[in-house]
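In case you want the letters, here they are:
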Amino acid sequence: MKVNVNAVNFTVDRKLVDFIQQRMDKLEKYYDKIVASDVFLKVENTSDKENKIVEIKIHVPGDDLLVKKQCKSFEEAVELSAESLERLLVKRKEKIRTHI
């Protein structure tokens, strides 16, 4: 799957990009018609410790799925987002299966 990683106002290191790519590739187990995904990494300027925001947009035929999580680290936010997307993809697959 093609994964576009966009870091807003900072540069992202290779390890984080590789981690995101691996995690997104695992989503194809749940739904094999994923076209591409966009991952946006943002740091919010607050004194709060949970200032890392991850938005993941997955392109599937006929729709886009968007999940946004805010955590202490990007890895944690990516992990939580991916888990949410797994549930959404499984739900979508079951919905399609009932229509066929």
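Our structure's up above, just so we're on the same page.
Everything numeric here is computed off the predicted structure, so don't read it as measured data.

Chemist: With reference to specific residues and values, describe the nonpolar core.
Modeler: I20, M24, V39, V54 and I58 are the most contacted members of the largest nonpolar core, which has 22 residues in total. Looking at this core, the elements with two or more residues in it are α1 (14-26), β2 (36-43), β3 (52-60), β4 (63-71) and α2 (74-99). I58 has contacts with L27, I34, A36, S37, D63, D64, L65 and L85, leaving out every residue within four places of it along the chain.

Chemist: Requested: an account of the pairing of strand β1 (residues 2-7), with residues and values cited.
Modeler: As paired elements, β1 and β2 share six bridges and run parallel to each other. Each residue of the ladder has a partner; that of N4, found in β2, is D38. Taken together, β1, α1 and β2 constitute a β-α-β crossover, and its handedness is left-handed.

Chemist: Please provide a residue-by-residue account of the packing of α1 against α2, values included.
Modeler: With their axes 10 Å apart at the nearest point, α1 and α2 run at an angle of 15° to one another. Taken as axis vectors, α1 and α2 run roughly parallel relative to one another. Note that α1 runs across α2; the crossing there is right-handed. Every residue of α2 that contacts α1 at L16, F19, I20, R23 and M24 is listed here: F74, E75, V78, E79, A82, E83 and E86. For the contact of α1 with α2, a count of residues per class yields seven nonpolar, no polar and five charged.

Scoring rules and cut-offs
- Residues numbered from 1 in each chain as written.
- Predicted model: local features only at pLDDT ≥ 70, side-chain atom pairs only at ≥ 80, totals over all residues.
- Heavy atoms only, no water.
- Core = buried A, V, L, I, M, F, W, Y, C linked by side-chain atoms within 4.5 Å.
- Buried < 20%, exposed > 50% of the residue type's maximum accessible area, 1.4 Å probe, protein only.
- Helix = DSSP H or I, 4+ residues; strand = E, 2+ residues; numbered from the N terminus.
- Contact = heavy atoms within 4.5 Å.
- Pairing = 2+ DSSP bridges.
- Right-handed = clockwise from strand over helix to strand, strands pointing away.
- Axes fitted to C-alpha atoms, helices over the stretch in contact; angles between N-to-C directions.
- Parallel < 35°, antiparallel > 145°, perpendicular 65-115°, else oblique.
- Left-handed = near helix turned anticlockwise from the far one by under 90°.
- Nonpolar A, V, L, I, M, F, W, Y, C, P; charged D, E, K, R; others polar.

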